[in-house]
Amino acid sequence: MTELTEQGAELVAEFYEETCRRIDALPAGLTPAERDRLAALLSRVVLDNKVPEVFSEPDPAP
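As the structure is a prediction and not an experimental result, all values here were calculated from the model.

**Let's talk about a negative patch on the surface**
So, step 1. Together, Glu-6, Glu-10, Glu-14 and Glu-17 make up a region of like negative charge exposed at the surface.
So, step 2. For Glu-17, the position within the fold is in helix H1 (residues 6-25).

This is the structure:
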């Protein structure tokens, strides 16, 4: 099994955090009701198309 170097793991963590921050900011101009509707519609698209999970919470460091 191949493992990331410490530098690689740090880069992955930084990328993940920045990507999550940017995704969270995308619907900033929507009302709470619009955000809820968007989340429901996107969830349906994902489920209907059996989209694989791309982003998930990272495993805690051992």
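**Observations regarding the pattern of salt bridges**
So, step 1. Taken as a whole and assessed by the stated rule, the structure comprises three salt bridges.
So, step 2. Glu-18 serves as the salt-bridge partner of Arg-21, at 2.5 Å between the closest nitrogen and oxygen. Highlighted residues: Arg-21 and Glu-18, both in helix H1, separated by three residues, approximately one helical turn.
So, step 3. Residue classification places Arg-21 among the partly exposed residues on the basis of a relative accessible area of 48%.
So, step 4. On the accessibility criterion, Glu-18 (30% relative accessible area) is partly exposed.

Cut-offs and rules
- Residues numbered from 1 in each chain as written.
- Predicted model: local features only at pLDDT ≥ 70, side-chain atom pairs only at ≥ 80, totals over all residues.
- Heavy atoms only, no water.
- Patch = residues over 30% accessible without salt bridge, like charges linked within 9 Å, V, L, I, M, F, W, Y side chains within 5 Å.
- Areas by Shrake-Rupley, 256 points an atom, 1.4 Å probe, with all protein chains shown as cover.
- Salt bridge = Lys/Arg side-chain N within 4 Å of Asp/Glu carboxyl O.
- Lys, Arg positive; Asp, Glu negative; His and termini not counted.
- Charge placed at Lys NZ, Arg CZ, Asp CG, Glu CD.
- Helix = DSSP H or I, 4+ residues; strand = E, 2+ residues; numbered from the N terminus.
- Buried < 20%, exposed > 50% of the residue type's maximum accessible area, 1.4 Å probe, protein only.

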